[in-house]
Amino acid sequence: MKYTREMKRYLRAVFWMLPVGYPDKRQILYNLESDIELYLEEHTEADWQDVLEEFGTAVDVAGSVLGEPMNTDIVSIMQRRDQLHNLILGIIVGGIVVMLVLAGYQRCWIRYKRNTVNPAVYIYDGTEVSSEVFDEKIEKD
């Protein structure tokens, strides 16, 4: 079947433009898909633009199903809703990535701290001295 990718996008757009809980939403989409397939079988040389001219855009189809032309305000609200969903999904994924990075950093830091040795403190005659000074004083004594 040619134009399957375009058809899936088209049907998905119609699906999202119909209100949530709209009766027989899946049946409407199934009938629309069958009608498009039938049209493509009858018109073998038709391209996707011909299909859009025959059936209309996703906005037109959703408007005809609802019984009224789709207002551009409704379309923009639906597009903003999709953008909001993508934003929320991006924030969630970003938060998970940040948590994983912090967990990995913490694990590396704990491993680093466990494998480091604190420097030795040298005390000579009641004062703290560096290791070089301590070695010199020990050699003199």
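These figures come from a predicted structure and were not determined experimentally.

Undergrad: What exactly am I supposed to notice about the overall build of the chain here?
TA: Scanning the chain from terminus to terminus reveals 6 helices and 2 strands. Counting the 141 residues in the chain, one finds 19% classified as buried. Of the contacts made within the chain by residues no fewer than 6 positions apart, 49% connect residues no fewer than 24 positions apart. Per element, the accessible surface of the chain, about 11200 Å² overall, is 56% carbon and sulfur.

Undergrad: How should I be thinking about a nonpolar patch on the surface in this particular structure?
TA: The grouping of L84, L87, I88, I91, I92, I96, M99 and L100 at the surface amounts to a nonpolar patch, some 800 Å² of accessible area in total. For I96, the position within the fold is in helix α5 (residues 72-115). Looking at I96, the relative accessible area reads 42%, which means it is partly exposed.

Rules used in this analysis
- Residues numbered from 1 in each chain as written.
- Predicted model: local features only at pLDDT ≥ 70, side-chain atom pairs only at ≥ 80, totals over all residues.
- Heavy atoms only, no water.
- Helix = DSSP H or I, 4+ residues; strand = E, 2+ residues; numbered from the N terminus.
- Buried < 20%, exposed > 50% of the residue type's maximum accessible area, 1.4 Å probe, protein only.
- Contact = heavy atoms within 4.5 Å.
- Areas by Shrake-Rupley, 256 points an atom, 1.4 Å probe, with all protein chains shown as cover.
- Patch = residues over 30% accessible without salt bridge, like charges linked within 9 Å, V, L, I, M, F, W, Y side chains within 5 Å.
- Salt bridge = Lys/Arg side-chain N within 4 Å of Asp/Glu carboxyl O.

All we've got here are geometric facts, nothing functional implied.
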